[in-house]
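Spelled out from the first residue to the last, the chains are:
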Amino acid sequence: MRHVISLLIENEAGALSRVSGLFSARGYNIESLTVAPTEDASLSRMTIVTSGSDDIIEQINKQLNKLVDVVKVVDISESAHIERELMLIKVRATGKDREEMKRMADIFRGRIIDATDASYVIEMTGNQQKLDSFVAAIDASLILETVRSGVVGIGRSERVLKV
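Residues numbered from 1 in each chain as written. Predicted model: local features only at pLDDT ≥ 70, side-chain atom pairs only at ≥ 80, totals over all residues. Heavy atoms only, no water.

**Describing the sheet that holds strand S2 (residues 32-37)**
Line of reasoning, step 1. As summarised here, the arrangement of the four strands in space is S2-S3-S1-S4, forming an open sheet in which the pairing is antiparallel. The open sheet has two edge strands, S2 and strand S4 (70-75), and neither has a second partner. Across the sheet, the axes of successive neighbouring strands diverge by a mean angle of 15°, strand direction being ignored.
Line of reasoning, step 2. Examined bridge by bridge, strand S1 (residues 2-10) and strand S3 (residues 43-51) share nine bridges and lie antiparallel to one another. In the strand pairing of S3, Ser 6 is matched with Thr 47.
Line of reasoning, step 3. In this fold helix H1 (residues 15-25) packs onto S1, S2, S3 and S4, with an angle of close to 15° to the strand it touches most, S3. (Pairing = 2+ DSSP bridges. Helix = DSSP H or I, 4+ residues; strand = E, 2+ residues; numbered from the N terminus. Axes fitted to C-alpha atoms, helices over the stretch in contact; angles between N-to-C directions. Contact = heavy atoms within 4.5 Å.)

As C-alpha cells, this is what we get:
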C-alpha cells in the first residue's frame, strides 16, 4: 500500500543523507522525495512516498523517529490530506500537433510557460494520477523531456505537522 510520510527534520548538513540511508540500508524503496525549508529556518519538511504493508510502514516510522535529526514523523495518508506534484513537460509542437498540445494542456488545466517554433513547455500541477493521465493521453513520440517534483502533502482540517 502507498503511504505519504511527512517529517520535520533539523535543517543541517547530512540530515537528508541519514534519512535516505535508513531506507536503503533496510531495502525500502523511496518512490518520491521532496525537501524544503519551513517557516522555521532551523527545520525542513520532508515528504516521502513509499509503499509497504502496515507493518513495514510502522517499522519505517519507528526507525525515522530514532534518528537524531528527525523532530516529528506523521503518515499523512492515514487520514484526509491533500497531495500535489509539479510537472514540467517539453513536447514537440509543430504542424497539427501544435494545436493538439495546446488543447490537451487546456483540458488538463496545464499552462504553456514556454513556446518555440518546434516545442512547448507545459507546467501542470495535480495529484500523481492526473499527471500520469496527461502523459498517457498524449502521443509518447511527442514527449521530448519530463521533469516531476515529487509529491508534497498536507493534512486537511485541524491536523498540522508542527513541533
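**Side note on the side chain of Glu 83**
Line of reasoning, step 1. Here Glu 83 lies in strand S5 (residues 81-92).
Line of reasoning, step 2. If sequence neighbours within four positions are ignored, Glu 83 has contacts with Arg 2, Val 4, Gly 126, Asn 127, Val 151, Val 152 and Gly 153.

**With respect to the packing of aromatic side chains**
Line of reasoning, step 1. Under the definition given, this model contains two aromatic pairs.
Line of reasoning, step 2. When the centroid spacing of 6.4 Å and the interplanar angle of 80° are considered together, the rings of Phe 23 and Tyr 28 count as edge-to-face.
Line of reasoning, step 3. The interplanar angle of 75° and the centroid separation of 5.2 Å between the aromatic rings of Phe 108 and Phe 134 together place this pair among those described as edge-to-face. Taken as a pair, Phe 108 in the loop between helix H3 (96-107) and strand S6 (111-115) and Phe 134 in helix H4 (residues 128-137) lie far apart in primary sequence, 26 residues in all. The pair Phe 108 / Phe 134 is uniform in exposure class, with both members buried. (Phe/Tyr/Trp six-rings, centres within 6.5 Å; stacked < 30°, edge-to-face > 60°. Buried < 20%, exposed > 50% of the residue type's maximum accessible area, 1.4 Å probe, protein only.)

**Looking at the environment of Val 163**
Line of reasoning, step 1. The residue Val 163 is located in the segment after strand S9 (152-155) in this model.
Line of reasoning, step 2. Val 163 sits in the exposed class, given a relative accessible area of 77%.
Line of reasoning, step 3. For the pair Val 163 and Lys 72, spaced 91 residues apart in sequence, the C-alpha to C-alpha distance is 7.1 Å.

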